[in-house]
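Architecture at a glance
Here are the chains, one letter per residue:
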Amino acid sequence: MKAYWVKTNRLIKKLFSNYVWDIPNKENKIYLTFDDGPTPEITAWVLNQLEQYNAKATFFCIGKNIEQHPEIFKKVIEKGHAIGNHTFNHLNGWKTNTNEYIENSVQCSVISNQFSNNKPQTTDNQLFRPPYGKIKRAQAKKLRQKGYKIIMWDVLSADFDQSITKEKCLKNVVNNTRSGSIIVFHDSIKAFENLKYVLPKVLEYLVENHFSFETIKN
């Protein structure tokens, strides 16, 4: 039994309505997101795939990775994608003291601003996604008070799950995406084996089915 939902349950969305799970619209807009980067070679590959379909996405970056690979981070911004906060050290909120979690998240914003030259039109670090989707209510409340919008997801590709086939990963996205869906991929080493198979096929499928790609706005 997997410890995650591929398609987020409606009850969960209702119970945690302060979080953004999807962005309903009638224009067939969907929202591609990538977690855990920037990662050498992999993030660049993702950018190339997106560019082929003129697709924009939102990248939830780890502050430590931004610090280590600022040139890749800047490339994401130059290509017109949006940026979100994924904490500085990829913390599990359930296992982290609330004050430490907030400080770590703010640290990610600081480093993001440092390397983005504070360009709010392209880098919106007020978007926040908790690693693993695990965050305490107190943590979420404090982040919202600081102006962060907490972004979850409607569809999880599960590209990180090395126990599933790449074909299953593809079906996770194709079978569950609807207008307004926020879809999660990972530009990480762990996910790349699945991602390099799935992402080109997903992009092709979405274009053929008249979906358009949007970044998430604060």
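The following refers to the structure shown. Note that the coordinates shown come from a computational prediction; the quantities given were computed from them, not determined experimentally.

Turning our attention to the pairing of strand β7 (residues 182–186). In terms of burial, β7 is a largely internal element, five of the five residues being buried. With burial as the criterion, each face of β7 is covered, one bearing Ile182, Val184 and His186 and the other bearing Ile183 and Phe185. Both strand β1 (residues 29–35) and β7 contribute to a ladder of five bridges, which runs parallel. Following the sheet pairing, Thr33 is matched in β7 by Val184. Relative to β7, strand β6 (residues 155–156) is paired through two bridges, and the arrangement is parallel. In the sheet register, Val155 faces β7, and the bridge partner there is Ile183. In terms of handedness, the path from β6 via helix α7 (residues 166–174) over to β7 forms a crossover that is right-handed.

Tracing the backbone through its elements, the reader meets Ser105 in helix α5 (residues 98–116). The exposure class of Ser105 is buried, given its relative accessible area of 0%. Excluding anything up to four places from it in sequence, Ser105 contacts Asn85, Thr87, Phe128, Leu143 and Tyr148.

Another aspect to go through is unusual backbone geometry. In this structure, Pro38 follows Gly37 across a cis peptide bond, with omega equal to -5°. Not every positive phi belongs to a glycine, and Asn28 is a case in point at roughly 65°. Considering the arrangement of structural elements, one finds Asn28 in the loop between α1 (10–15) and β1. Judged by relative accessible area, which is 27%, Asn28 ranks as partly exposed. Unlike most non-glycine residues, Tyr132 shows phi in positive territory, near 65°. One can find Tyr132 in the loop between β4 (127–128) and α6 (137–145).

Taken as a whole and assessed by the stated rule, the structure comprises eight aromatic pairs. Centroid distance Tyr19 to Trp21: 6.3 Å. Interplanar angle 45°. Geometry classified as tilted. Each of the two residues, Tyr19 as well as Trp21, counts as buried. Seen in terms of ring centroids, Phe34 and Phe185 are 5.6 Å apart; in terms of plane orientation they differ by 25°. Their pairing is stacked. One end of the pair, Phe34, is in strand β1; the other, Phe185, is in strand β7, and 151 residues separate them in sequence. Among the residues examined, Phe34 registers a relative accessible area of 1% and is labelled buried.

Calculation rules
Along each chain, residue indices are assigned from 1 in the same order as the chain's sequence is written. Whole-chain, interface and lining totals are the exception, using all residues; otherwise, since this is a predicted model, local features are given only for residues with pLDDT of at least 70 and side-chain atom pairs are given and counted only at 80 or more. Hydrogens and waters are ignored; side-chain quantities use all the structure's heavy atoms. For each residue, the accessible area found with a 1.4 Å probe, counting protein chains only, is set against the maximum for its type, and the residue is called buried under 20%, exposed over 50%, and partly exposed in between. Numbering of helices and strands starts at the N terminus; helices are DSSP runs of H or I of at least 4 residues and strands are runs of E of at least 2. A pair of strands is labelled paired if DSSP reports no fewer than 2 bridges between them. Whether a crossover is right-handed comes down to one check: with the strands pointing away from the viewer, does the path from the first strand over the helix to the second run clockwise; if it does, it is right-handed. Any two residues whose heavy atoms approach within 4.5 Å are treated as being in contact. Here a Phe, Tyr or Trp ring, Trp counted by its six-membered ring, pairs with any other such ring whose centre lies within 6.5 Å, and the pair is stacked when the planes are under 30 degrees apart, edge-to-face when over 60, and tilted otherwise.

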